[in-house]
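# Report on the structure
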Amino acid sequence: MHKWIMVSLFVIASVLGIVVTFDAIGQHEAVEEVEDENALVFKAVNWNFDQEEYIIEKGQTLKLSMRNLPGEGKHHVKIEDLGIELLPGEEPVEVTFDEARSYTVICSLPCGDGHETMASTIIVQ
Ligand SMILES: [Cu+2]
């Protein structure tokens, strides 16, 4: 009888441990998603941006920033039609995309052989 109580307690404790662990993982992911929701980070590496096209919903307000991923070259981001230049480590720039149109994203720091063709597009739809 005593043995069954011990086994039951062990099983209950194990289940509780698993529930608490998965709950903690879930909360951690939720927090990261909330932080990223309004951020658009242009990641530059090896004379390319991480996406050829950045799709944005019309009416969205996003905090734009950039960073260089480990790799070749140091890059900046320029979106001429928005009058914006982004440098790594700088505060994000908030932009509301009211118009359905596209914007060309280029590197504004002469960074070597691939500089002239380093480009991406923001598509607001
Ligand atoms: Cu460049």
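Look above for the structure.
Keep in mind that this is a model prediction, so the values were computed, not measured. (Residues numbered from 1 in each chain as written. Predicted model: local features only at pLDDT ≥ 70, side-chain atom pairs only at ≥ 80, totals over all residues. Heavy atoms only, no water.)

In this section: the nonpolar core. Among the nonpolar cores identified, the biggest contains 22 residues, and Phe42, Phe49, Leu64, Val77, Ile79, Phe97 and Ile122 are the most heavily contacted of them. Of all the elements in the fold, those that place two or more residues in this core are β1 (39–45), β3 (53–56), β4 (61–68), β5 (77–79), β6 (84–86), β8 (102–106) and β9 (119–124). Non-local contacts of Ile122, meaning those with residues more than four positions away in its chain, are made with Phe42, Tyr54, Ile56, Ile79, Phe97, Arg101, Ser102, Tyr103 and Val105. (Core = buried A, V, L, I, M, F, W, Y, C linked by side-chain atoms within 4.5 Å. Buried < 20%, exposed > 50% of the residue type's maximum accessible area, 1.4 Å probe, protein only. Helix = DSSP H or I, 4+ residues; strand = E, 2+ residues; numbered from the N terminus. Contact = heavy atoms within 4.5 Å.)

Binding of the copper ion to the protein goes through Cys107 (SG), Leu109 (O), Cys111 (SG) and His115 (ND1), at separations of 1.9 to 2.4 Å. Here the copper ion binds four donor atoms, and the angle range of 91 to 123° at the metal identifies the geometry as tetrahedral. Look at where the donors of the copper ion fall in the sequence and you get C-x1-L-x1-C-x3-H. Classification of Leu109 as partly exposed rests on a relative accessible area of 27%. (Donors = N, O, S within 2.8 Å, 3.2 Å for Na, K, Ca; no water. Tetrahedral: all angles 85-135°; square planar, octahedral: opposite > 155°, others 65-115°.)

Applying the stated criterion across every chain yields a total of one salt bridge. Here Arg101 makes a salt bridge to Asp81, at a shortest N to O gap of 2.5 Å. Taken as a pair, Arg101 in the loop between β7 (93–96) and β8 and Asp81 in the loop between β5 and β6 lie far apart in primary sequence, 20 residues in all. The exposure class of Arg101 is partly exposed, given its relative accessible area of 27%. By relative accessible area, which is 54% here, Asp81 ends up exposed. (Salt bridge = Lys/Arg side-chain N within 4 Å of Asp/Glu carboxyl O.)

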